[in-house]
Amino acid sequence: MMAVLLTLTACFAYLNNRWIKLPSSVGVMAAALVFSLGLVILQTLGVELVRPAESLVQRVHFDSTLLHGLLGFLLFSGALSVDFAELRRNALIVAVLATFGVALSVVIVGFGTYWALQWVGQPLSWQYCLLFGALISPTDPISVLALLKRLGAGQGLEAKIAGESLFNDGVGVTLFLLLLPLIGGGAARSSSGIALLLAQEMLGGITFGVLAGWLVSRLLRRVDQYTVEILLTLALVSGGFTLADRLGISAPLAVVVAGLIVGHHGRRGMSILTRHHLDLFWHLLDEILNAVLFMLIGLEVLVMHFHQRYLAVIAVLIPIVLLARLISIGIPLGLLRRWWRISPASLGMMVWGGLRGGLSVAMALSLPIVAERDLLVAATYGVVVFALLVQGGSLGWIQRSRWGRQGEGIGDA
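Conventions and cut-offs
- Residues numbered from 1 in each chain as written.
- Predicted model: local features only at pLDDT ≥ 70, side-chain atom pairs only at ≥ 80, totals over all residues.
- Heavy atoms only, no water.
- Axes fitted to C-alpha atoms, helices over the stretch in contact; angles between N-to-C directions.
- Helix = DSSP H or I, 4+ residues; strand = E, 2+ residues; numbered from the N terminus.
- Parallel < 35°, antiparallel > 145°, perpendicular 65-115°, else oblique.
- Left-handed = near helix turned anticlockwise from the far one by under 90°.
- Contact = heavy atoms within 4.5 Å.
- Salt bridge = Lys/Arg side-chain N within 4 Å of Asp/Glu carboxyl O.
- Buried < 20%, exposed > 50% of the residue type's maximum accessible area, 1.4 Å probe, protein only.

Caption draft 1: Expanded view of the packing of helix H4 (residues 62–80) against helix H11 (residues 226–246). One way to put it is that H4 packs onto H11 with a least axis distance of 10 Å and a crossing angle of 130°. Judged on the interaxial angle alone, H11 and H4 are oblique. Helix-helix and strand crossings are classified by hand; for H4 and H11 the assignment is right-handed. Seen from H4, the contacting residues are Leu-67, His-68, Leu-71, Gly-72, Phe-73 and Phe-76; seen from H11, they are Thr-233, Leu-234, Leu-236, Val-237, Ser-238, Phe-241 and Asp-245.

Caption draft 2: Focus on the pattern of salt bridges. This structure, assessed with the given rule, holds three salt bridges. Across the pair Glu-164 and Arg-325 runs a salt bridge whose closest N-O atoms are separated by 2.7 Å. Residue Glu-164 is located in helix H9 (residues 155–179), and its partner Arg-325 is located in helix H14 (residues 310–335); the two are separated by 161 residues in the primary sequence. The buried category is assigned to Glu-164, whose relative accessible area is 2%. Residue Arg-325 is classed as buried on the basis of its relative accessible area, which comes to 3%. Among the salt bridges present, the one from Asp-279 reaches Arg-267, with a minimum N-O distance of 2.7 Å. Linking Asp-279 in helix H13 (residues 272–299) with Arg-267 in the loop between helix H12 (251–264) and H13, this pair joins segments that are twelve residues apart in sequence. Residue class for Asp-279 comes out partly exposed when judged on its relative accessible area of 27%.

And the structure:
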């Protein structure tokens, strides 16, 4: 199975590099989508190739593969390369966007979805609509970081978008887990229960990440052999993510914080050669895993129960999600305008650059088998594909344009 996945990923990456010319991850996903649609067309002509491809995709178990496999490595790699000083300078705005902004987006998307689906004749209860808001509101750090690395955006803007994406997935996943019992007829948690779970997930994850990152940074300073240092960081990601998950705290937040600490403090004691090898290793691993992940997103369409009536649902939900993104960023930035200068171009870049990706798809696929699951999975997939292909594909052009250059900085007032 792994041989087939790597072979397909390599072929799609080559096609993108030679002819499609999109950002690497987006191009691989686009090629995988075309490949999937080609298999469906061939099936209508009597050539049966869809079933073997479906079997391959089903064996991968996308949700568990991402949430309990690739996610930790991709988050650590992204955090390792973030400008720590710039992130610390913007800590307040990142924290507000990753908490209050996500919660506000969940509410807006939830109630907007409730009314929109009634309008198109596909009504869902408010519990399912809020659950959709929770899984689609967090911007995907994997998708965002993959594009920001290639765009060369200004450091201030990049730190805000990347920092928010790295931290808001922990909030989104926690809210998703809080709302999930509601669709099974479970009782809603009390306010104190919600606060306790949020504190346990977020504060526990951050504390664990600080301790693990500090410990590994100390170990890294005592050796100057890049193979040993790479092994230590691999152990930090794999062991730390698993242990944090077992402790019932936010494993993604733990890995992100550990990556930031290692990237800032752990590198200080490294020689130039060791630092080069460490960065190169994580860069290559990040590129390979991103390509495999986006290829899987493109193939995932083969195992979805997609109906034509879902197209109207996706068409009305895309603008709702974008509007919720605009409001959930605009209000916090407006409240913080005393400390930050905000231009319309900067706000537009943050809205359009807030991509949804594999994390939302994985959460949707983890839903229990209920009648409403197919619609929620299809809606999530449609919004994610739009975000990656349309938003992600055009972000480079927007950033290079005069309008995008005007948004280079959301600086101090």
